[in-house]
Amino acid sequence: MSKVEMTNMCMIYDKDKGKVLVQNRVKSWKGIAFPGGHIEDGESIIDSTIREVKEETGLSISDLELCGIIHWFNDETGDKYLVFCYRTEKYSGDLLAETEEGRLSWVDVKELPSLPLAEGFRERLPMFNDKKYSEGFGLWNKAASEMKWQ
């Protein structure tokens, strides 16, 4: 039986300073990325994003804008892995320095591509920053994986 795993990710942008909040992830998907996590059963996608950001950063976010969806499909098992990608400029609260997921910091949005990013995150940046595309669709299996952006 195939399974569907749904996750979220949110770019928190400080427009006045030109900075974004990043997490240097130390658990799964290691490297620098935006905060996010899994959508729990019975939970809306937006509510899960708000909850995950609060848990991982200490910040409360609102006015989320959908940037796009990453959709991985395993053509051997039928499994699907979806990432709902959001951005917001609306946040409040006290930023945590670090959680079990990793260290948090504000970085200049222009410097982001030069940092040690999580695998595959660099290709997602145009979705968040430029609204260049709204979907990444990829096939993955034991032999290979590839992503098509549209």
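The model shown is predicted, which means the values in this text are computed figures rather than measured ones. Throughout, residues of each chain are indexed from 1 in the direction in which the sequence is written. Local features are withheld for residues below a pLDDT of 70 in this predicted model, meaning they are given only at 70 or higher, and side-chain atom pairs are given and counted only at 80 or more; totals for whole chains, interfaces and linings count all residues. Heavy atoms throughout the structure, all of them, feed into the side-chain values; hydrogens and water do not.

Would you mind showing me how to read the environment of Glu43 here?
Counting through the fold element by element, Glu43 comes out in the loop between β4 (36–38) and α1 (45–57). The contact definition used throughout considers only heavy atoms, calling two residues in contact when any of these lie within 4.5 Å. For Glu43, the residues in contact, after removing those within four places along its chain, are His38, Ser48 and Arg51. In terms of polar contacts, Glu43 uses its side chain to reach the side chain of Arg51, at 2.7 Å. Secondary structure follows DSSP: runs of H or I at least 4 residues long count as helices, runs of E at least 2 residues long count as strands, and numbering of each begins at the N terminus. Under the rule applied, a polar contact is a pair of N or O atoms within 3.5 Å (in protein, one hydrogen donor and one hydrogen acceptor; residues adjacent in sequence only if both atoms are side-chain atoms).

Whenever I open this one, the UniProt feature "domain: Nudix hydrolase" (unreviewed entry) in the protein chain confuses me. Can you help?
In this structure's numbering, the residues bearing the UniProt feature "domain: Nudix hydrolase" (unreviewed entry) are residues 3–129. Within residues 3–129, the helical portion is 17% and the strand portion 46%, while the C-alpha atoms at the span's ends are 31 Å from each other. UniProt positions are given in the numbering used here, feature names are shortened, and annotations may be inferred rather than shown by experiment.

What am I meant to see in the nonpolar core here?
One recurring pattern in soluble globular proteins is that nonpolar side chains are buried together. As used here, the term nonpolar core means buried Ala, Val, Leu, Ile, Met, Phe, Trp, Tyr and Cys residues forming a set that is joined through side-chain atoms within 4.5 Å. The buried label goes to any residue with under 20% of its type's maximum accessible area, the exposed label to any with over 50%, and the partly exposed label to all in between, with areas taken from a 1.4 Å probe on protein chains only. Within the largest apolar cluster, 22 residues are counted, with the highest numbers of intra-cluster contacts made by Val20, Phe34, Leu112, Phe121 and Phe128. Residue assignment for this core shows that the elements contributing at least two residues are β1 (4–14), β2 (19–25), β3 (31–33), β6 (65–74), β7 (80–88) and α2 (121–129). Per element, the largest residue contribution to this core is four residues, and it comes from α2. The contacts of Val20, once residues within four sequence positions are left out, are Met11, Ile12, Tyr13, Phe34, Ser105, Trp106, Val107, Val109 and Leu112.

How should the pairing of β7 be read in this particular structure?
Each regular strand carries side chains that alternate between the two faces of the sheet. Taken across its nine residues, β7 has seven buried, putting it largely inside the fold. Note on pairing: DSSP must find at least two bridges between two strands before they are called paired. Across nine bridges, β1 lies against β7 in parallel orientation. Note that in β7 the partner of Val4 across the bridge is Lys80. The pairing of β6 with β7 spans eight bridges and is antiparallel. Each residue of the ladder has a partner; that of Ile70, found in β7, is Val83.

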